[in-house]
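Listed here are the chains, written in short residue letters.
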Amino acid sequence: MRYRLTVNLETQTIDRSDLPEEAAWLGGRALLDSILLAEVPPTCHPLGPYNKVIITPGLFAGTTMPTAGRLSIGAKSPLTGGIKESNVGGMAGIVLGQLGIGALVIEGESASQSLKVLVIRQDSAELVEASELKGLGNYDTVAALKKRFGQKVVIISIGPCGEMKMAAATVAVTDNDGRPCRHAGRGGLGAVMGAKGLKAIVIDPQGARPLKAVDAPAFAKAVKEYTKIIQSSKSTAFLQENGTAGLVDVSQARGSMPTRNFSAGSYEKKDAINAERLKELMRERGGSMGHPCMRGCIVRCSNIFNDQNGQYLTSALEYETIVMMGANLDIDDLDTIAQIDFRCDDYGLDTIEMGATLGVLTETDQFSFGDRNRAIALIEEIGQGTVLGRILGQGAVTTGKVFAIRRVAAVKGQSLPAHCARSIKGLGVTYATSPQGADHTAGFVTEEPLSREGHTERSRDTQINVIIADSLGLCQFTGLRAEHDLFARLVGPLTGKIPTETDILSIGKDTLWQERTFNTRAGFGSGQDRLPEFMATEPLSPNDTVFDVEDQDLDRVFGEYPKS
Ligand code: SF4
């Protein structure tokens, strides 16, 4: 039986309770959303005591299934003001799952100036004082906690940006090598953790064992089938060879790569930042592709990037960071991008939001395209909490308001990631309508990218299928989305309660409905399901397209949507 740990920072109490029977099939995003909708007042202040940080391993996390140990972290978002689930790799999902923890709920807020660390062991949990960690980056925090609690512990932490309650602050999770380089990046969840006075969660893996399925032979048979599908997929081979950096060339060919603050869809200097260049640097100075962020991953899209001296600089250098800090800021240099990436990981900052924010800043006298040193200096200002840094750390929309910049690529307060909606209109529909704000992982629709028609159903279906994957703990890079029959044959033997394909589909539908309901109660309406105005009027090269999907088609994504 999986259990729930409820940790109250105000009363300093920790309660343990079994998850209810009806949650048997729920994990990850589905379980998180059900708790959030039931327990967090949608109109509460995101940084106040009524908000909760909810952490839920996917349903398969902790089993023998590979690439299925993802972790959901969520709360009411300080960036969007709506519901937020951010999905992250690393080792925490697997170890929490193996310890039998289905949900970890952090509530209340610590007395002012007090900073705590939550320590979870096989049969106990405690809050300990951690004022010595105040202001430390994620790398130093992890080093200090490993020294104190042992080298094998898995750590979830925030950097100084979380402590300063910035709306672009992330929550870091240590990877398979124990580095804090996997991030629940979007929506400012680090700020919510910081507002509660919780610097880190230390998970001792001692006693953690792979979860046993109720019907082990049937589960093993279905896992074998699942593994074979992933191992034989072309996408797996591509990601192992190129990492997500391989998407630079794909995006360039589509004309969907944000360039110079979303003013073009292709970058004439893309060869300086693509996977071929990344691999060339790795051959010269070490580092590697094909790295697993979590134990046992069979896709292994991650990488390790070394500096000019052959020393570790960052992991992983991903497509989103490369493009948002590269093409979008006209920085054609992977070393600079890697230095920014390391600082963002250390300070606990979302690289997507920061790339968009610095893009907005190019419309002021504070920053110019291509200024590498200034880009690094601005990120450092954010980590140090200067006045300008605190503005930028609130994200692209706040920065736009402070400097009276109208042209900001964001939806529901969250900046667009590194895929232009005007060249992939189905994805634009997801950006506009997802309760999560603009997010490529909420439902990437690639069919008929330049057509204005047919995306309502595609986006809705994809959003539902992505939620199923996020709830089961599957990494989206498995490529599995709509295999509901296979998922049913995995969930049934694992839990002993056999779902139908319709039951599996209902996990996605019901969860999407819950997210929409939370946002509606928080004050959102269809007026927020829109892309920025300039995307409807400013053609994007090289396709010379605007985002012209009709408002009524955007409204139909949820307008006809019934709860299952
Ligand atoms: S495919 Fe990549 S992101 Fe997904 S679990 Fe494996 S290494 Fe992590």
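See above for the structure.
So, here is what we can say about the structure in this document. In this text the structure is predicted, and so the values were computed from the model without any measurement.

## Looking at the overall build of the chain
Each helix and strand in the chain was counted, giving 21 helices and 17 strands. Relative to a compact globule of 564 residues, whose C-alpha radius of gyration would be 24 Å, the chain shows 22 Å and is just as compact. Taken along its principal axes, the extent of the C-alpha atoms in the chain is 55 × 50 × 50 Å. If you take every contact in the chain between residues at least 6 apart in sequence, the share linking residues at least 24 apart comes to 70%. Looking at charge distribution, the chain has the averaged site of its 59 positive side-chain charges lying 3 Å from that of its 68 negative ones.

## A word on the site of the ligand
The ligand sits among Arg70, Arg182, His291, Cys293, Met294, Cys297, Val299, Arg300, Cys301, Ser302, Cys475 and Phe477. Tallied by class, the residues present in the shell around the ligand amount to 7 nonpolar, 2 polar and 3 charged.

## Quick notes on the sheet that holds strand β8 (residues 124-129)
Picture the strands of a sheet paired through backbone hydrogen bonds; they go either parallel or antiparallel. The strand order β8-β7-β12-β9-β10-β11 describes an open sheet built from 6 strands, whose pairing is mixed. Either end of the sheet is taken by a strand with one partner, and the two such strands are β8 and β11 (182-184). Within the sheet, the average angular offset between the axes of one strand and its neighbour, ignoring direction, is 20°. Examined bridge by bridge, strand β9 (residues 154-157) and strand β10 (residues 171-173) share 2 bridges and lie antiparallel to one another.

## With respect to the nonpolar core
The biggest cluster of nonpolar side chains holds 144 residues, and the ones touching the most others in it are Phe60, Ile73, Ile156, Ile201 and Ile379. Beyond its immediate stretch of four places on either side in the chain, isoleucine 379 contacts Met325, Ile340, Arg343, Cys344, Tyr347, Leu349, Met354 and Leu358. Core analysis: the second largest hydrophobic core is formed by 14 residues, Leu36, Leu37, Val40 and Ile83 among them.

## Details of helix α18 (residues 484-495)
When the terminal C-alpha atoms of α18 are compared, their 16 Å separation across 12 residues agrees well with the 16 Å that a helix rising 1.5 Å per residue should span. Counting buried residues in α18 gives 9 out of 12 residues, a clear majority hidden from the surface. For α18, every residue scored as buried is listed here: His484, Leu486, Phe487, Ala488, Leu490, Val491, Gly492, Pro493 and Leu494. Buried positions along α18 lie against α6 (216-231), α17 (455-472) and α19 (501-522). Following α18 by one or two positions, glycine 496 has its phi on the positive side, about 80°.

Definitions and cut-offs
- Just so you know, the residues in each chain are numbered from 1, in the order the chain's sequence is written.
- Confidence filtering applies because this is a predicted model: local features only for residues at pLDDT of at least 70, side-chain atom pairs given and counted only at 80 or more, and all residues used for totals across whole chains, interfaces and linings.
- Side-chain metrics in this entry use all non-hydrogen atoms of the structure; hydrogen atoms and water are not considered.
- Every helix listed is a DSSP run of H or I at least four residues long, and every strand listed is a run of E at least two residues long, numbered separately from the N terminus.
- We compute the radius of gyration from the C-alpha atoms alone; for a globule the expected value is 2.2 Å times N to the 0.38, where N is the number of residues.
- Only heavy atoms matter for contacts: two residues are in contact if any of them lie within 4.5 Å across the pair.
- In this charge count, Lys and Arg are treated as positive and Asp and Glu as negative; neither His nor the chain ends contribute.
- For charged residues, the charge sits on one atom: NZ in Lys, CZ in Arg, CG in Asp, CD in Glu.
- A single heavy atom is enough: if one lies within 4 Å of a molecule or strand, its residue is considered near that molecule or strand.
- Following the grouping adopted for this structure description, the nonpolar residues are Ala, Val, Leu, Ile, Met, Phe, Trp, Tyr, Cys and Pro, the charged ones are Asp, Glu, Lys and Arg, and the polar ones are all others, Gly among them.
- Note: two strands are recorded as paired if DSSP finds a minimum of 2 bridges between them.
- With axes taken as lines fitted to C-alpha atoms, and helix axes fitted only over the stretch in contact, angles between N-to-C directions fall between 0 and 180 degrees.
- Buried Ala, Val, Leu, Ile, Met, Phe, Trp, Tyr and Cys residues form a nonpolar core when they are joined through side-chain atoms within 4.5 Å.
- Each residue is assigned to one of three classes by its accessible area relative to the maximum for its type, calculated with a 1.4 Å probe on protein chains only: buried under 20%, partly exposed between the two thresholds, exposed over 50%.
- Given the number of residues in a helix, its expected span is that number minus one, multiplied by 1.5 Å.

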